[in-house]
Structure formats: structure tokens, C-alpha cells
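# Fold and contact review
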Amino acid sequence: MPRYNARDCVFEIEAETPATWIEIGDINTFSKSHEEETTDTTTFGSDGQSESQKMQLGKSLTLEGLHNTTDAGQLRVEAANELLGEDSLINFRFHAPGATNWTVWSAHVNLGDQGGGNNDKGTWSATFTRSGADTTEVIV
């Protein structure tokens, strides 16, 4: 994919009504993280050299921006933050400009720090942690 402006990426959360999506507004920074879990496979026959295999992959995506108390996307994220157990898994999707498919995650969300200084606008952040594998949807 060619280079793109980060500001042109789109992030949406599924509404309480399935298949209805709400854009999350006032975002000014995002960061996608990758994790892995490995297992040690070193044996006496490894001649003192460490051996391991990747066993599990994890992904998370953090959104940061300005706190907007009327943004429907931010409000839905804040409501999803309060869900527990099976109910905590929500659908979240995103794409970069020029993409033909959304990347879709079943994820749980954790609100981050909110605040600001004397001459700042209030900040807002949330981290989505993927549960299961990525899926895709065609952008229409």
C-alpha cells in the first residue's frame, strides 16, 4: 500500500444495533501494537543455543484525541468500556485511505487517561484489544 496521511484513517465501532457502525471522532493519534507469546524449545541437543517457537499473536490499537462529550462514537466506546464477560466483546473496524477492505476485530475496550492542563482542551483515549483473528469487510 502506498504511503498515506494518518489523519485520513477511519475508525468505527459497531452500535448496539448490529451491522450499524458509528465513526469515532476527534482522534488525532493512533498506535497499533503487536505482541507474541513464545515457548522455549531448547533441549540438551541445542548445544547451548536458545531455541523457541512463536505460539500466540496479539494485537491492540490505541486511539487518542480530544474529548468530545457529544461524539456518538466516543460515547459508544465509553459504554462498551463498562461491559464484562462475553458482553465485553464488541466489533471494531478501521481502514487506511485507499484500502478496499475494512479490518474488523472482535475486541474489548479499555478507556485510557483523560485530562488536560490550564490551556489545553480535554484529552480522550481508548485501547481496543483484539480477541481472535482479524476479519475483513469490503468498503462500500
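Conventions and cut-offs
Throughout, residues of each chain are indexed from 1 in the direction in which the sequence is written. A pLDDT threshold of at least 70 governs which residues receive local features in this predicted model, and a stricter bar of 80 or more applies before side-chain atom pairs are shown or counted, although totals over entire chains, interfaces and linings include all residues. To get the side-chain values, take all heavy atoms of the structure and skip hydrogens and water. In this text, helices come from DSSP runs of H or I with a minimum length of four residues, and strands from runs of E with a minimum of two, each type numbered from the N-terminal end. Under the scheme applied here, a residue whose accessible area is under 20% of the maximum for its type counts as buried, over 50% as exposed, and between as partly exposed, the area being computed with a 1.4 Å probe on protein chains only. Contact definition: two residues touch when any of their heavy atoms are within 4.5 Å. Among buried residues, those of type Ala, Val, Leu, Ile, Met, Phe, Trp, Tyr and Cys that are joined through side-chain atoms within 4.5 Å constitute a nonpolar core. What counts as a ring pair is set by centres within 6.5 Å for rings of Phe, Tyr and Trp (its six-membered ring), and what kind of pair is set by the plane angle: stacked under 30 degrees, edge-to-face over 60, tilted for all other angles. Each ring is checked for a lysine NZ or an arginine CZ that lies within 6 Å of its centre and within 35 degrees of its normal; such an atom marks a charge sitting over the ring.

### Here's the deal with the environment of Leu75
Mapped onto the elements of the fold, Leu75 is located in helix α1 (residues 72–81). By relative accessible area, which is 40% here, Leu75 ends up partly exposed. Residues Leu75 and Ala6, spaced 69 residues apart in sequence, show a C-alpha to C-alpha distance of 23 Å. In contact with Leu75, other than residues within four places in its own chain, are Thr69 and Thr70.

### Some remarks on the nonpolar core
The nonpolar side chains of a soluble globular protein tend to be buried with one another. Residues Ile13, Ile24, Leu63, Val77, Phe92 and Phe128 are the most contacted members of the largest nonpolar core, which totals 20 residues. With residues up to four places along the chain from it excluded, the contact list for Val77 reads Ile13, Ile24, Val109, Leu111, Trp124, Ala126 and Phe128.

### A short note on the environment of Met55
Checked against the element boundaries, Met55 lands in strand β4 (residues 52–66). Excluding its chain neighbours within four sequence positions, the residues that come into contact with Met55 are Glu37, Thr38 and Thr39.

### Structural notes on the packing of aromatic side chains
In the structure shown here, the tally under the stated rule is 6 aromatic pairs. The ring of Trp102 carries the charged tip of Arg93 above its face, separated from the ring centre by 4.0 Å.

Worth remembering: the numbers are spatial, not functional.
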